[in-house]
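What the coordinates show
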Amino acid sequence: MSQDKAFNQGVAPVTYGSGKRPPRGDYARARADYTCEQDYAQYSAADHDTYRRLYARQVQQLPGLACDEFIAAVRQLGEPDRIPYFDAISERLIKTTGWQVVSVPGLIPEEAFFALLAERKFPVTAWLRKPEEFEYIVEPDVFHDLFGHVPLLFNPVFADYMQAYGAGGLKASRLDACELLARLYWYTVEFGLIVTPAGLRAYGAGILSSAGDSVTSPDPQRIAFALKRLMRTRYKIDSYQASYFVIDSFDQLFQATAPDFTPIYRAVRDRIAAEGEVEAGMVLAGERSFN
Ligand code: PHE
Ligand code: FE
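Here goes a summary of the coordinates provided.

Conventions adopted
Residues numbered from 1 in each chain as written. Chains lettered and ligands numbered in written order. Predicted model: local features only at pLDDT ≥ 70, side-chain atom pairs only at ≥ 80, totals over all residues. Heavy atoms only, no water. Near = heavy atom within 4 Å. Polar contact = N/O pair within 3.5 Å; in protein donor to acceptor, adjacent residues only side chain to side chain. Areas by Shrake-Rupley, 256 points an atom, 1.4 Å probe, with all protein chains shown as cover. Helix = DSSP H or I, 4+ residues; strand = E, 2+ residues; numbered from the N terminus. Nonpolar A, V, L, I, M, F, W, Y, C, P; charged D, E, K, R; others polar. Pairing = 2+ DSSP bridges. Axes fitted to C-alpha atoms, helices over the stretch in contact; angles between N-to-C directions. Left-handed = near helix turned anticlockwise from the far one by under 90°. Contact = heavy atoms within 4.5 Å. Salt bridge = Lys/Arg side-chain N within 4 Å of Asp/Glu carboxyl O.

For the rest of this paragraph, the subject is the site of ligand 1. Looking at ligand 1, the residues that line it are Y161, A164, Y165, G168, K171, L181, L184, T257, A258, P259, D260 and F261. In this structure, K171 approaches ligand 1 through a side-chain N or O atom, which is 2.5 Å from an oxygen atom. Between ligand 1 and the protein, one listed contact pairs an oxygen atom with a backbone N or O atom of F261 at 3.0 Å. For ligand 1, whose free accessible area comes to 330 Å², the fraction covered by protein is 93%. Those elements that place two or more of their residues in the shell around ligand 1 are helix 7 (156-174) and helix 8 (178-190). The leading source of residues in the shell around ligand 1 is helix 7, at five residues. Here the shell around ligand 1 is composed, by residue class, of eight nonpolar, two polar and two charged.

Next up, the structure:
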């Protein structure tokens, strides 16, 4: 498969938010916080085989694509040959960063999602895509959620960032600022790039759980992370990304997002009112692009 054709396909990695489709999971058995049993018996032999093939494909594209922190932690998922038990991952995760993996039926409401993150619980969709969705899936499934998101929860700084994001989400809900905050999730947790001595690498789950390449393609813009600029930038959920934001380190990301966002949301809103949003793919005057 050609690299350009494939990058960022494989999942529309919305982890929360509302879609037009009814979500696909079984919500009847979910608890009030939207968590549910993983129900391991639901997985067929064909499911385990699909997981094994997805894992094999993704793991072989990591060198040169993923940051070292991700590569170092991916083996902590265990079980490359079948869907892992979430509890087994949680056992290792709790010891390392205090995070846990919890099972959910699928996409969950924003506030429920934020509340879980704020408690250091990462919601993982229980079901796996069907074999005919091997290349492309419209909702996050167990493979995207586990393979894409969980390795970096073993990194202490990133783990703290994710919890802070959850707490920040609860606050953003009160400030009616979830749309701006969602952009931060999109451009970091899902599609973030990071500078390394070896060159740009990916840490975003949407990139690392999908086929293809976003690090060497000449097409998209790769712009130095700047919080307010990022929050003005629209994103595309159903096609290739036209812009990426590049961090220098997880420490930089953590520090840059530590201040109170209340005045930041206000400033971003004022700027959008005056100058509009920035379309994905645009580079502004004076901006550093890594292309
Ligand atoms: N500092 C942000 C706030 O005050 C919270 C936050 C932290 C949001 C990290 C995202 C990531 O709202
Ligand atoms: Fe995701």
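Our next topic: the sheet that holds strand 6 (residues 243-247). Overall, mixed pairing links the four strands, which are arranged 4-3-6-5 in an open sheet. Looking at which strands have only one partner, the edges of the open sheet turn out to be strand 4 (199-202) and strand 5 (221-224). The mean inter-strand angle of the sheet, taken between neighbouring strand axes irrespective of direction, is 40 degrees.

Okay, the packing of helix 2 (residues 45-60) against helix 6 (residues 142-149) next. Where helix 2 contacts helix 6, the two axes come as close as 11 Å, and the packing angle between them is 35 degrees. Viewed along their axes, helix 2 and helix 6 form a crossing whose handedness is right-handed. Of the residues in helix 6, those in contact with Y51, L54, Y55, Q58 and V59 of helix 2 are F143, L146 and F147. Grouping the constituent residues of the contact of helix 2 with helix 6 by class yields seven nonpolar, one polar and no charged.

Tallying each qualifying case throughout the model produces 18 salt bridges. Among the ionic pairs, K121 bridges to E119, the shortest N-O distance being 3.0 Å. Among the salt bridges present, the one from E179 reaches R183, with a minimum N-O distance of 3.8 Å. Of this pair, E179 and R183 both sit in helix 8, four residues apart, which is roughly one turn of that helix. Several salt bridges share partner residues, and in doing so they unite E179, R183, R234, E277 and E279 into one network.

Read these as spatial facts, not as claims about activity.
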